Amino acid sequence: SPSLPQAIMQGENISKPVLQVINTRAIATGNGPPRYRVLMSDGVNTLSSFMLATQLNTLVEEERLSAQCICQINRYIVNSLKDGRRVVILMDLNVLKTADQVGGNIGNPVPYNEGQGQQRSSVPAANPAPSKPQQQNGNLSGAGPAAPKYHAPSNQFGKASVPSSVKTPGGSQAKVVPIASLNPYQSKWTICARVTQKGQIRTWSNSRGEGKLFSVELVDESGEIRATAFNDQADKFFPLIELNKVYYFTKGNLKTANKQYTAVKNDYEITFTNETSVVPCDDAQHLPSVQFEFVSISDLENTPKDSIVDVIGICKSYEDVTKITVKANNREVSKRNVHLMDTSGKLVTATLWGNEAEQFDGSRQPVVAIKGARVSDFGGRSLSVLSSSTVVINPDSPEAFKLRGWYEFDSEGQLLECASISDVRGGPASGANTNWKTLFEAKSENLGQGDKADYFSCVGTIVHLRKENCMYQACPSQDCNKKVIDQQNGLYRCEKCDREFPNFKYRMMLLVTIADCLEYQWVTCFQESAEFILGQNATFLGELKEKNEQAFEEVFQNANFNTYEFRIRVKLETYNDESRIKATALDVKPVNYREYSKRLIASIRRNAQLG
Amino acid sequence: MGDVHELPRPRIAIFFLAQYIGQPVCFVGRVEKIHPTGKLFVLSDGEGKHTTVELSEPLDEEISGVLEVVGRVTNQATIMCMSYVQFREDKSPFDLELYNEALKIIHEFPEYFPFG
């Protein structure tokens, strides 16, 4: 039977061949990782047309793969160069025996002559020897005739490499070049790349006209690049191009990248033209799939807002999809909050939009990985999925398996009382998430000046309370708080209930000034908040006011200069042509110093990072 | 060594002990062990590291929980205690780890947290 190297070269699918490494050589690739070229032997022949895929570089660097070790190739592909030579790329291998365990070259292998190509060594042609497994430490199978001297330029697979030929379906030979070599001065090129991100179709309409586009991010072994299809090409390619699949992309325009819109590391980006062709590629295991760099959810607390991060977590719970109207263009958009938890025990809320929100299925608590989510400071820290983000449910990756294993089998996983960094509670009175601001931020961010009220929480110190008119006489009915009119005959009339009563109840409407390190704010506190601040209930205060002025004053003096956590609602209110921001305290609580400290520490660290 | 109370005494964690030899400091830690003579006890800080605190007079009461010690750092990087205060943890527990985090910030930004 033919030699192993020959069989591999000729494209036969040998399953898991076992070969010995005779030599390894590093090849410089400019500014990329080094590529290692390996001289392999099956005991009879050597062949040097083996290249190690870069993901296996560590094997050489850690010296597990070195001259004389024996390894089993689990996955490989054969690339043909334009001059007809072939190269075997080793994608995955196991080192069966390390070099020191083997001790020497097995057999006396001679270089294999492929029979075509420039240099032939003078070796007799096909001499089919029976494949006698050499019974030594490893099982090297296959024997065969001699091989050609494989002559390769030193930067064979570097960045500026000689392109390799690939037969595209349809028979025409196209030159496949690495993404890293694309530049605007080359018009005819083909790349073989995986789609690691696919955006939604976006339409625009402005004075210059209207149109639509969608963008993708493409990755191959040499790098990544962004590609955009407009109008007709958008229509043509959007249904064809699928996330995570590999295609041959031929001919498009290259122009300098607009780094504003993307984090992709490439100086250029592709625009599809009407000459562009996109053809599915089957032989694609060698291309890296979507690369994630996950940040642990607890680390998000220290991540500056607006950063783009990758996260992975178990979807512990999720909310229903809701539709909200975008004020800017009156469009309705779907939105869904999902809550992700990881092994740090922290929970973060991620907001999905559009189709992703609608189609999300969180049943059975899937693992959700998000690439390129934006960190916001809403409720502390939460994530927003952008049109440029990628969301993968139950990804086929080691981190996902680890997470699922931890969640299901590690007793910690399900019982862990996760602390949410997005501060989602089971429904505070205002129904909104906690959104910590300093008074300065509240003012500088113009909270309350939009159409709707804004809510935020802050830590503030009371510096003044207005004693006068701090309470009013209200309707004594249970659910009515309307101010009653004193009929001066011992009766009090409530317009809302349309009744007269012989009594009333005192209700608080206390105006306080609260301050923090930079700003102050007048806040109106109603019954519960006011009673909390003054430490007395309204009825008792009403009595004090009538009967014991001094005691009444003392209550206010004691309430001054205390620090609390305030939940505040701000809204622009117009009163007789005058618009003013009105702030109301919805809730007043003692300061939780531990949480406050943690927030401060995180804030200090964030600001320090920003320099 | 009564002057210790007159001088500024920075708050430190065990990590900083070596840098403050001979100087007055304020150390907060949890009681781990008390020597039978009552003149020595071991405190741990928020990172779990331990240090020894010495007294000139033996303790005249039981101590436990979190303690704040004011004293001077000896050449052996222990603390010669001049006075101490026990933190009452019945109302709320003292988060020693958070205290350590705060200490790191104080020492990292001395321009905002000057010591005296």
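Residues numbered from 1 in each chain as written. Chains lettered and ligands numbered in written order. Predicted model: local features only at pLDDT ≥ 70, side-chain atom pairs only at ≥ 80, totals over all residues. Heavy atoms only, no water.

Selection rule: UniProt positions are given in the numbering used here, feature names are shortened, and annotations may be inferred rather than shown by experiment.
Identification of chain B as RFA3 protein from Halcyon senegalensis is taken from an unreviewed UniProt entry. Listed in UniProt under the heading Sequence similarities (unreviewed entry), the comment for chain B reads: "Belongs to the replication factor A protein 3 family." We quote the UniProt Subcellular location (unreviewed entry) comment for chain B here in full: "Nucleus".

Per an unreviewed UniProt entry, chain A goes by the name Replication protein A subunit and belongs to Halcyon senegalensis. In its Subunit (unreviewed entry) section, UniProt records this for chain A: "Component of the heterotrimeric canonical replication protein A complex (RPA)." Listed in UniProt under the heading Sequence similarities (unreviewed entry), the comment for chain A reads: "Belongs to the replication factor A protein 1 family."

Quick word on the overall build of chain B
Quick reminder of the rule: The numbering of helices and of strands both runs from the N terminus, where a helix is a DSSP run of H or I of at least 4 residues and a strand a run of E of at least 2. In what follows, residue pairs with any heavy atoms lying within 4.5 Å of each other are defined as contacts. Computed by Shrake-Rupley with a 1.4 Å probe, the accessible areas treat only the displayed protein chains as cover when residues are assessed.
Per the secondary structure count, chain B includes one helix and six strands. Secondary structure elements of chain B occur, N-terminal to C-terminal, as β-β-β-β-β-β-α. A separation of at least 24 residues holds for 54% of the contacts in chain B among residues at least 6 apart in sequence. Total accessible area on chain B is roughly 6,400 Å²; 54% of this is exposed by carbon and sulfur atoms.

Description of the pattern of salt bridges
Residues and elements named next belong to chain B. Stated formally: The term salt bridge refers to a side-chain nitrogen of Lys or Arg lying within 4 Å of a carboxyl oxygen of Asp or Glu. Type-normalised accessible area, obtained with a 1.4 Å probe on protein chains alone, sets the label of each residue: buried when under 20%, exposed when over 50%, and partly exposed for intermediate values.
All chains considered together, the criterion is met by 23 salt bridges over all chains. A salt bridge links Glu 89 to Arg 30, with the shortest nitrogen-to-oxygen separation between them at 3.7 Å. With Glu 89 in the loop between strand E6 (79-86) and helix H1 (96-108) and Arg 30 in strand E2 (residues 24-34), this pair connects stretches of sequence that are 59 residues apart. We classify Glu 89 as partly exposed; its relative accessible area is 27%. Notably, a salt bridge pairs Glu 47 with Lys 49, separated by 3.2 Å at the nearest N-O pair. Overlapping salt bridges bring together Glu 47, Lys 49, Glu 101 and Lys 104 as one network.

A few points about the side chain of Ser 44 of chain B
Residues and elements named next belong to chain B. Counting through the fold element by element, Ser 44 comes out in strand E3 (residues 40-44). Under the relative-accessibility criterion, Ser 44 is labelled buried at 6%. Discounting chain neighbours no more than four positions away, the residues touching Ser 44 are Gly 29, Arg 30, Glu 32, Lys 49, His 50 and Leu 96.

Some details on the sheet that holds strand E26 (residues 485-486) of chain A
All names here are of chain A. The condition is simple: At least two DSSP bridges between two strands are needed for those strands to be called paired.
On the basis of which strands lie adjacent, the open sheet formed by three strands has the order E26-E27-E28 and antiparallel pairing. Whereas interior strands pair on both sides, the edge strands pair on one side only; in this sheet they are E26 and strand E28 (499-501). Sheet topology places E26 next to strand E27 (residues 492-494); two bridges connect them, and they run antiparallel. Directly across from Ile 485, in E27, lies its bridge partner Arg 493.

Details of the confidence of the model for chain A
We apply this condition: Here pLDDT means the predictor's own confidence in every residue, given as a number from 0 to 100.
Summarising the model, chain A shows a mean pLDDT of 76, and 79% of its residues fall at 70 or more. Counted against residues more than four places away or in other chains, residues 114-172 of chain A, with its pLDDT under 50, gives 134 contacts.

Overview of the interface of chain A and chain B
Filter applied, for reference: A quick way to say it: buried area is the sum, across both parts, of accessible area lost when two parts are put together, with a 1.4 Å probe. Here a polar contact is recorded for every N or O atom pair within 3.5 Å, except that within protein the pair must consist of a potential hydrogen donor and a potential acceptor, and residues adjacent in sequence are included only if both atoms are side-chain atoms. In this classification, the charged set is Asp, Glu, Lys and Arg, the nonpolar set is Ala, Val, Leu, Ile, Met, Phe, Trp, Tyr, Cys and Pro, and all remaining amino acids, among them Gly, are polar.
Contact residues are listed per partner, giving seven residues for chain A and eight residues for chain B. Surface buried jointly by chain A and chain B totals about 710 Å² across both partners, of which 70% is contributed by carbon and sulfur atoms. By the criterion of area lost to chain B, the three top residues of chain A are Arg 594, Ile 601 and Arg 605 of chain A, representing 66% of everything that side buries. Taken together, the connections running from chain A to chain B amount to two salt bridges. Arg 605 of chain A is the partner of Glu 108 of chain B in a salt bridge, and the nearest nitrogen-oxygen pair spans 3.1 Å. On the surface where chain A and chain B come into contact, there are two residue pairs in polar contact (both at pLDDT 80 or more). Each residue belonging to the side of chain A that touches chain B can be placed in one class, and the counts come to three nonpolar, one polar and three charged.

What to know about the packing of helix H10 (residues 538-547) of chain A against helix H11 (residues 549-559) of chain A
Residue and element names in this part refer to chain A. Applied cut-off: Between N-to-C directions, angles span 0 to 180 degrees; the directions come from axes that are lines fitted to C-alpha atoms, helices contributing only their stretch in contact. For classification, angles of less than 35 degrees are called roughly parallel, those exceeding 145 degrees roughly antiparallel, those between 65 and 115 degrees roughly perpendicular, and all remaining angles oblique.
With their axes 6 Å apart at the nearest point, H10 and H11 run at an angle of 130 degrees to one another. In terms of their interaxial angle, H10 and H11 are classed as oblique. Counting all contacts with H10, which are made through Leu 541, Leu 544, Lys 545 and Lys 547, the residues of H11 involved are Glu 549, Ala 551, Phe 552 and Val 555. When its residues are assigned to classes, the contact of H10 with H11 shows five nonpolar, no polar and three charged.

Regarding the environment of Ser 363 of chain A
Considering the arrangement of structural elements, one finds Ser 363 of chain A in the loop between helix H5 (354-359) and strand E21 (367-376). C-alpha of Ser 363 of chain A to C-alpha of Ser 317 of chain A: the two residues are 46 residues apart in sequence and 8.5 Å apart in space.

Quick word on the packing of aromatic side chains
All names here are of chain A. Defined as follows: Think of it this way: a Phe, Tyr or Trp ring, Trp meaning its six-membered ring, pairs with another when their centres are within 6.5 Å, and the plane angle makes it stacked under 30 degrees, edge-to-face over 60, tilted otherwise.
For the coordinates displayed, the defined rule picks out 15 aromatic pairs over all chains. On the basis of an interplanar angle of 65 degrees and a centroid distance of 5.1 Å, the ring pair of Phe 552 and Phe 556 is categorised as edge-to-face. Of this pair, Phe 552 and Phe 556 both sit in helix H11, four residues apart, which is roughly one turn of the helix. Accessibility assignment for this pair places Phe 552 and Phe 556 in one class, buried.

Re the nonpolar core
Put simply, the test is: In these notes, a set of buried Ala, Val, Leu, Ile, Met, Phe, Trp, Tyr and Cys residues joined through side-chain atoms within 4.5 Å is what counts as a nonpolar core.
Grouped together as the largest cluster of nonpolar side chains are 33 residues, with contacts concentrated most on Leu 465, Leu 510, Ile 514, Ile 533, Leu 534, Phe 566 and Ile 568 of chain A. Of all hydrophobic cores here, the second largest spans 26 residues; its members include Phe 16, Val 25, Phe 27 and Val 66 of chain B.

So, the side chain of Arg 72 of chain B
Relative to the helices and strands, Arg 72 of chain B resides in strand E5 (residues 66-73). Within the local environment of Arg 72 of chain B, its side chain forms a polar contact with the backbone oxygen of Gly 22 of chain B, the two atoms lying 2.9 Å apart.

So, helix H12 (residues 593-609) of chain A
The condition is simple: The span one expects for a helix is its residue count, reduced by one, times 1.5 Å.
Under the 1.5 Å per step criterion, the end-to-end length of H12 of chain A is 24 Å for 17 residues, consistent within 8% with the ideal 24 Å. With a side-chain oxygen positioned 3.2 Å from the backbone nitrogen of Arg 594 of chain A, the residue opening H12 of chain A is Asn 592 of chain A.

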